[in-house]
Structures are given as structure tokens and as C-alpha cells.
Amino acid sequence: MKLSEFSTLAFILTAFVSGCGQYGGGASVVPEVTVLPPDFGSGSDEGAGEVEGAAPTASSSSGGSGFGTLEGRIVLTGTAPVVAPLIAAGADVKDKEVCAETDVPDDKFVLGSDNGIENVFVYLSKAPKGGKGLEAGGDDIIFDQKGCRFKPHALIVPTGRTLRVLSGDAVAHNTHTYPQKNDSVNSGVAPNDREGVLNFQYRRAESAPIAVTCDYHGWMKAWHLPIDHPYAAVTQDGGKFTIADLPAGKHQLALWHESVDGNFIERKYEVTIQSDATNSVVIEVPSSRFVLN
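Owing to the predicted nature of the structure, the values given are computational and were not obtained by experimental measurement.

**Observations concerning the overall build of the protein**
Step number 1: Counting its regular elements, the protein contains 2 helices and 15 strands.
Step number 2: Counting every position in the protein, which comprises 293 residues, the buried fraction comes to 39%.
Step number 3: Long-range pairs, those at least 24 residues apart, make up 68% of the contacts in the protein with a sequence separation of at least 6.
Step number 4: Just so you have it, the protein exposes about 16200 Å², and 50% of that area is on carbon and sulfur atoms.

**Some points on the side chain of Asn 279**
Step number 1: Along the chain, Asn 279 falls in strand 15 (residues 278-286).
Step number 2: Its relative accessible area of 10% is what places Asn 279 among the buried residues.
Step number 3: For Asn 279, the side chain forms a polar contact with the main-chain nitrogen of Gln 274, separated by 2.9 Å.
Step number 4: Not counting residues within four places of it along the chain, the set of residues in contact with Asn 279 comprises Gly 68, Thr 69, Leu 70, Glu 71, Thr 272, Ile 273 and Gln 274.

**Notes on the packing of aromatic side chains**
Step number 1: What the rule picks out here adds up to 5 aromatic pairs.
Step number 2: Geometrically, the ring pair formed by Phe 109 and Phe 290 is edge-to-face, given 5.0 Å between the ring centres and 75 degrees between the ring planes. Remark: Phe 290 occurs in the segment after strand 15 and Phe 109 occurs in the loop between helix 2 (96-99) and strand 2 (121-124); sequence separation between them is 181 residues. Take Phe 109 and Phe 290: they sit in the same class, and that class is buried.
Step number 3: Through a chain of ring-to-ring contacts, the aromatic side chains of Phe 121, Trp 223 and Trp 256 assemble into a single cluster.

**Section: the pattern of salt bridges**
Step number 1: Counting across every chain of the model gives 6 salt bridges.
Step number 2: Of the charged contacts in the structure, one is a salt bridge between Lys 96 and Asp 92, with a shortest N-O distance of 3.6 Å.
Step number 3: For Lys 96, a relative accessible area of 38% translates into the label partly exposed.
Step number 4: Here Asp 92 falls in the exposed class, since its relative accessible area comes to 68%.

How each quantity is defined
- Sequence order sets the numbering: in each chain, residues are counted from 1 along the sequence as written.
- Restriction of local features to residues with pLDDT of at least 70 applies here, the model being predicted, together with a cutoff of 80 or more for giving and counting side-chain atom pairs; totals for whole chains, interfaces and linings are based on all residues.
- Here the side-chain values reflect all heavy atoms present in the structure, with hydrogen atoms and water set aside.
- Segments assigned H or I by DSSP are reported as helices when at least four residues long, segments assigned E as strands when at least two residues long, and all are numbered from the N terminus.
- Any residue under 20% of the maximum accessible area for its type is buried, any over 50% is exposed, and the rest in between are partly exposed; the area is computed with a 1.4 Å probe on protein chains only.
- Whether two residues are in contact is decided by their heavy atoms, any of which lying within 4.5 Å being enough.
- Here, Shrake-Rupley sampling with a 1.4 Å probe gives the accessible areas, and only protein chains in the shown set may cover a residue.
- N or O atoms within 3.5 Å of each other form a polar contact, as long as, within protein, one can give a hydrogen and the other can take it, and as long as residues adjacent in sequence are counted only when both atoms are side-chain atoms.
- Working definition: a ring pair exists when centres of Phe, Tyr or Trp rings (six-membered ring for Trp) sit within 6.5 Å. Plane angles under 30 degrees give stacked, over 60 give edge-to-face, the rest tilted.
- A pair is scored as a salt bridge if a Lys or Arg side-chain nitrogen falls within 4 Å of a carboxyl oxygen belonging to Asp or Glu.

Put into C-alpha cells, the structure is as follows:
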């Protein structure tokens, strides 16, 4: 279409809306007018589908096509703190025959091999531009408890996936979640329930991990991170984590641990991902950052 023809069409549309734009109740419809360039319809596809100057998400900035993998370790520097068991074997606590049969370790700080810090959440705060979505379906996610201790202690939960709560203890438990954006769950779990009568889903992503407790046994605590994209991990033995299929370019990671002062080791730790490559990083955290009282 020539520019002169487009201008004529715009004038006709404007005149039509001016005369017929009122609907019952006094509401008016105001059309959204897009001014097209002179060469619109010339057959050229150059620049199609792109928005000049479009801003990236707060978490990522795509640097080109392709995807890469991020592998990393989070390690402690300085003197490692000594963390006593939450419950000592034989302690006089509720359901002590089960809960104090052996020591119950304190999972709020776990140091693995080579000074690797476990149970650190590593994630993008928002889905990256050009990233992949969550896979549809998938097996239920298992959240268990044994020896009056939640397992796992730190868990990534994709939104829309079913979380099934099990128990391997011969005593009753309770699962109580403390979300900011989702409905709270507060329900009992029968002894030795290996079917998962209690199951639920998080419908919305949370900006930070949320606490999960057992109201029957006050020392029991875990953390869930409901998230709406696949770019998240929890560090395991050796402080290791892997996040696959990150779009090439720069990304800002949130690093969260329950015992760090303020919880965030870093809110915007920047990494650069090269396409079709495994990108490695080692992140050091001084022991002075942890508050374990």
C-alpha cells in the first residue's frame, strides 16, 4: 500500500469512528492507530518481529542466538562454623521414640566436600528473554519426612506441578506453608503415609523461597521455591549446581541461603553465557556472612 493510499484509509476510518463510536450506556470505543512506514507492504521482511530498543527482563539480557549451560560451585571461605544437632539422641521431646531415636542434624547450614555450601537456591528472578518454558506434565514432586526431618530441606517446585507429601515416620506430622503469593497449606500428615494423601500445587511464582514447618514438631523446617520457569537449582554436595539451556548473553542470578544475613548472598550476580558451551563459575562466600544463632 502506498503512503497516500494509507493516509486516505486512515482519514476514512477516523470519520467512521467519529460518527459511530458510541455504544449503549455512553461508552466509546477509541481505536488504536498505528502509523505504518512508507514501504509497508513492499515485500521486505527486514526487521520483522523485532521491536527496536525493547528492554530485556530484569534478570537477563540476550546476547545472541543459542543456549548454554551454567555449572558452578558455591564455596565457603574462612573458618567453618560448628552447627550442633537440632535434637540430640535421647532428648525428651514430643514423640521422642521416633524424633530422638538418633541425632537430628540442623540443616540450616550444611557444608559438603571441598567446603561446598549446600542448600543454596540459585535462580533467575524472572524468565529470561528468549528462554524456554516449563515442560508440560511431569511426575509429581516428592516432599518426604523421616526421623522428624523434612527431606529435601531445600526444594525447587515448578508452578502447576503436583507436590506430594509423604511420611516415613510412625508419628503424625503437619505441613504448614508460608507463601507470599500463593494460598497457604496447613494440613496433617498421617503416620507412615507413603501414598501422599496430602498433595497440592503452587499456582504462582514466589520472589524468594518460602518456609515450610511442622506445627507438631517445632524444630522441623524446610524451604520451597515455587517458580514459573526452568532456570533454578539448589546446590548439592560440594556446593555444586547446574542450570541448562540458558539463552546466550548476560544474566543476573539470585543466590539465596536461609542462614546468610538478609538471606541473599547476592541478588544480582552477573554471569555471561556463551552459546553451545558449558560455562563455569566458582562463587566464594566468607563465613562471616552466616548468622547461625
